[in-house]
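Reading the structure
Each chain, letter by letter, is given below.
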Amino acid sequence: SGVRVYLDNVVYGESKFVAVGEVGAIISSPDGADWTTREYGGNSFYHGIAYGNSMFVVVGSLGATAYSPDGVTWTDGNTGTQTYLADVAYGEMKFVAVGRGGTVLTSDDGLDWTSRVSGASGSLNCVTYGNGLFVAGSDNGETLVSSDGVSWQAGTVGTDLYIQDITYGNSM
């Protein structure tokens, strides 16, 4: 990519890959091989990116968020929190962001965010959507499940290990 910063996450939408990382790094590629730097957002560290409803949304440290309809031109958003946000997913016509202290935020448009009660005992590191469910993983092996991103219940994994990432594919 030619970018000399840590990249944390990547998503595909609008016929391109978009990756995010430290110092507000946002890069994009039409093929996953040739990358173009799009923006450096100063001190923000973007950890998560999602695509849905014709919108890219990134989240990161100190509650940072930005959104873009094309993955090229970005606008800073406001989550209303200073909490470290680790990941974001799109499903059920909404974005769901997760982070430290069991933080869960939802947004219908990627612009306006609402805080939700997760019931998590640890920090949430990852979230995905698939098969009609949001699933989040924590730093103490806890998983949470939600059909709407608003109401959450504990899942069972059978481990107390740190869950770094989670994804859905091929019906699993």
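Calculation rules
Residues numbered from 1 in each chain as written. Predicted model: local features only at pLDDT ≥ 70, side-chain atom pairs only at ≥ 80, totals over all residues. Heavy atoms only, no water. Helix = DSSP H or I, 4+ residues; strand = E, 2+ residues; numbered from the N terminus. Buried < 20%, exposed > 50% of the residue type's maximum accessible area, 1.4 Å probe, protein only. Polar contact = N/O pair within 3.5 Å; in protein donor to acceptor, adjacent residues only side chain to side chain. Contact = heavy atoms within 4.5 Å. Pairing = 2+ DSSP bridges. Phe/Tyr/Trp six-rings, centres within 6.5 Å; stacked < 30°, edge-to-face > 60°. Axes fitted to C-alpha atoms, helices over the stretch in contact; angles between N-to-C directions.

It is worth spelling out the side chain of S146 at this point. Its location among the elements puts S146 in strand β15 (residues 143-146). What makes S146 buried here is its relative accessible area of 1%. Side-chain polar atoms of S146 contact the backbone oxygen of S151, separated by 2.7 Å. Leaving out residues up to four positions away in the same chain, S146 has contacts with G132, L133, F134, S151 and W152.

It is worth spelling out the pairing of strand β6 (residues 55-60) at this point. Note on strand geometry: in a regular strand, side chains alternate between the two faces of the sheet. Of all six residues in β6, six are buried, a share of seventy percent or more. Of the two faces of β6, the one lined by M55, V57 and V59 and the one lined by F56, V58 and G60 are each fully buried. A loop of two residues connects strand β5 (residues 46-52) with β6, the two strands running antiparallel in sequence, and N53 in this loop sits at a positive phi of about 50°. The pairing of β6 with strand β7 (residues 65-68) spans four bridges and is antiparallel. Across the sheet, residue V58 finds its bridge partner in β7, namely A66. In this structure, the hairpin formed by β6 and β7 is closed by a connection of four residues, where L62 is found at a positive phi of approximately 55°.

Here we come to the packing of aromatic side chains. Applying the stated criterion across every chain yields a total of seven aromatic pairs. What links up through ring pairs into an aromatic cluster is the set Y51, F56 and W74.

Let's shift gears to unusual backbone geometry. Although it is not a glycine, E14 sits at a positive phi angle of roughly 50°. Tracing the backbone shows E14 in the loop between β1 (7-13) and β2 (16-21). Of the residues examined, E14 reaches a relative accessible area of 37% and is grouped as partly exposed. Here the phi dihedral of N53 falls at roughly 50°; this positive angle occurs in a residue that is not glycine. The residue N53 is located in the loop between β5 and β6 in this model. A residue is classified by how much of its surface remains accessible, and N53, at 49% relative accessible area, is partly exposed.

In this section: the sheet that holds strand β11 (residues 103-107). The strand order β9-β10-β11-β12 describes an open sheet built from four strands, whose pairing is antiparallel. Both edges of this open sheet fall to β9 (85-91) and β12 (114-116), since each of them pairs with a single strand only. With strand direction ignored, the average angle separating the axes of adjacent strands in the sheet is 25°. Relative to β12, β11 runs antiparallel, the two being bridged by three bridges. In the sheet register, L105 faces β12, and the bridge partner there is S115.

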